[in-house]
Amino acid sequence: MTTLWERFKFAVATDMDKVLAKREEKNPIALLNQYITEAEKQTETTGKWLGRQAQLTRKLEKELAEAESMLDKRTSQLELADASGESDLAAFAEMEVAAYSNRVAELKTSINENLAELTRLEQRYEEMKHKVKDMKVKQLQLMGKENATRAHYQMDKVLSPELVAERIGSYDDMASYIKKLGSKVEEEYERSAMERRLEALEKNSAKQQEIG
């Protein structure tokens, strides 16, 4: 009788091993690893875009400096041509002053827009890096859960084979945990972003009071 029972317990454990092997194909840890890898790639790409935005802003600033320099030069030449009675030179210089004045105004507008956009990009980029970091922390926590589940499963195969099926159910719990993880992290970051804006508003208000 004892031998028959032992054979039955071994058969149950073997069947559970097959079920567990199939579950491994949809292991939530592997899915989370894939998500984090993709998030890291996207964050790296975003960092390159951010660097390009800053580079373009610097080029616009260089163009502005050159345009302002030429505007000053043509303005002085216009005054000199007028004083010298050189009407044709004065007309040319006046046309140049108008062209450089328009260019300076346009460049200033573009630079202000670029700087504002750069600030928004930098804020979102920092949030992306924080989110990836938090996901890595969640990854470690989940790996701990998985490791404990595996350890209990291996122990139960020897100590309590009848509990093996119950242990496998915990993988479904982990899958459900991951499903809720993304929305939870997003809610946390939305709240933290609002908190940072409130803090910035408080600092600006305090500075205004000090100035006043």
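Note that the coordinates shown come from a computational prediction; the quantities given were computed from them, not determined experimentally.

**Student:** Just to check I follow, could you spell out the overall build of the protein chain for this structure?
**Tutor:** A tally of helices and strands in the protein chain yields four helices and zero strands. Mapped from its N terminus to its C terminus, the protein chain presents α and β elements in the order α-α-α-α. Here the protein chain holds 212 residues, and 26% of them are scored as buried. Look at the contacts in the protein chain between residues 6 or more apart in sequence, and 81% of them connect residues 24 or more apart. Of the accessible surface of the protein chain, which amounts to about 15,500 Å², a share of 54% is contributed by carbon and sulfur atoms.

**Student:** In this structure, what is going on with the confidence of the model for the protein chain? I would like to understand it.
**Tutor:** The predicted coordinates should not be examined in detail at positions where pLDDT is low. On average, residues of the protein chain score 76 in pLDDT, and 65% of them reach the 70 mark or higher. Within the protein chain, the element-level pLDDT minimum falls on helix H1 (residues 2-24), averaging 50, and the maximum on helix H2 (residues 28-84), averaging 89. A low-confidence stretch, residues 8-13 stays under pLDDT 50, and its non-local contacts, those more than four residues away or across chains, total four contacts.

**Student:** Looking at this structure, how should I read the nonpolar core?
**Tutor:** A general feature of soluble globular proteins is that nonpolar side chains tend to end up buried together. Membership of the largest hydrophobic core is limited to 12 residues, which are Leu64, Ala67, Leu71, Leu78, Ala81, Ala90, Ala93, Val97, Tyr100, Val104, Leu107 and Ile111. Listing elements by their share of this core, those giving two or more residues are H2 and helix H3 (87-159). Of all the elements, H3 adds the most residues to this core, at seven residues. Not counting chain neighbours up to four residues away, the residues in contact with valine 104 comprise Leu64, Ala67, Glu68 and Leu71.

What counts and how
- Residues numbered from 1 in each chain as written.
- Predicted model: local features only at pLDDT ≥ 70, side-chain atom pairs only at ≥ 80, totals over all residues.
- Heavy atoms only, no water.
- Helix = DSSP H or I, 4+ residues; strand = E, 2+ residues; numbered from the N terminus.
- Buried < 20%, exposed > 50% of the residue type's maximum accessible area, 1.4 Å probe, protein only.
- Contact = heavy atoms within 4.5 Å.
- Areas by Shrake-Rupley, 256 points an atom, 1.4 Å probe, with all protein chains shown as cover.
- pLDDT = per-residue confidence, 0-100.
- Core = buried A, V, L, I, M, F, W, Y, C linked by side-chain atoms within 4.5 Å.

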